[in-house]
Amino acid sequence: EPKEAEDVTHSDPGTPLGEYMRNFWQPVCLSDQLKDVPRAIRIMGENLVAFRDKSGRVGVLHRHCCHRGASLEFGIIQDRGIRCCYHGMKIDVDGTILDAPAETDRGTRMRQVVAQGAYPAFERDGLVFAYMGPPEAMPPRPNWDAFEKKGDTELVPFTNVFPCNWLQVLDNICDQMHTYALHNMPLL
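Source: prediction; values computed, not measured.

**As for the pairing of strand 11 (residues 127–131)**
Phase 1: Counting buried residues in strand 11 gives four out of five residues, a clear majority hidden from the surface.
Phase 2: For strand 1 (residues 25–30) and strand 11, the ladder comprises five bridges, and the chain directions are antiparallel. Residue pairing for strand 11: Cys29 is matched across the bridge by Val128.
Phase 3: By the bridge criterion, four bridges tie strand 10 (residues 121–124) to strand 11 in an arrangement that is antiparallel. Note that in strand 11 the partner of Arg124 across the bridge is Leu127.
Phase 4: What sits between the antiparallel neighbours strand 10 and strand 11 is a turn of two residues, in which Asp125 has the positive phi angle 50 degrees.

**A look at the sheet that holds strand 10**
Phase 1: With antiparallel pairing, three strands are arranged side by side in an open sheet as 1-11-10. Looking at which strands have only one partner, the edges of the open sheet turn out to be strand 1 and strand 10. The sheet shows a mean angle of 35 degrees between the axes of neighbouring strands, taken without regard to direction.

**Structural notes on the packing of aromatic side chains**
For any two aromatic rings, the description comes down to two numbers: the centre-to-centre distance and the angle of the planes.
Phase 1: Per the counting criterion, the structure on display carries seven aromatic pairs.
Phase 2: Ring geometry for Trp25 and Tyr131: centres 5.9 Å apart, planes at 50 degrees, overall tilted. You can see Trp25 sitting in strand 1 and its partner Tyr131 sitting in strand 11, a full 106 residues away along the chain.
Phase 3: A relative accessible area of 7% means that Trp25 is categorised as buried.
Phase 4: Pairing Phe122 with Phe129 gives two aromatic rings, centres 5.2 Å apart and planes at 10 degrees, and the pair type is stacked.
Phase 5: Residue Phe122 is classed as buried on the basis of its relative accessible area of 6%.

Cut-off values and rules
Residues numbered from 1 in each chain as written. Predicted model: local features only at pLDDT ≥ 70, side-chain atom pairs only at ≥ 80, totals over all residues. Heavy atoms only, no water. Buried < 20%, exposed > 50% of the residue type's maximum accessible area, 1.4 Å probe, protein only. Helix = DSSP H or I, 4+ residues; strand = E, 2+ residues; numbered from the N terminus. Pairing = 2+ DSSP bridges. Axes fitted to C-alpha atoms, helices over the stretch in contact; angles between N-to-C directions. Phe/Tyr/Trp six-rings, centres within 6.5 Å; stacked < 30°, edge-to-face > 60°.

Right under this line is the structure:
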């Protein structure tokens, strides 16, 4: 049995592929998955939470609160940002601490030295994109030809979750006929 080529199949932080892929905007979830509660996601080996605050801004944050580690997937979406369910820390979409009710100064001192891990994010055509690489290397938002709409064409995003690595998915995208045979067996 051939050995897995980990350098092109593993995308966790610190791996060659993971560090390379972080230099590009990545789709992390569908826009319509962001409802009235935060959404836990796992992208390139990182546990994150995606949400849309009540003002319509999208945030992609490290899942565990920088204060005491509670999961922000149980956070409360605010007009601006998200509030941790554990001590009420209010965090903006860029990771800035807006309020810390458990602190006597409501977080004034804390926000000078602590921030929630956050990635820049935006929405386009039903997808939420995040940039997970070094801030100084952040490229412009993508404007791929796949976003161009001709006539009455409508872009309809969808998601499939498969227990495999990204390279196996990419390899099968090229072979569109396999979906007819493999995923529609009753038709054969």
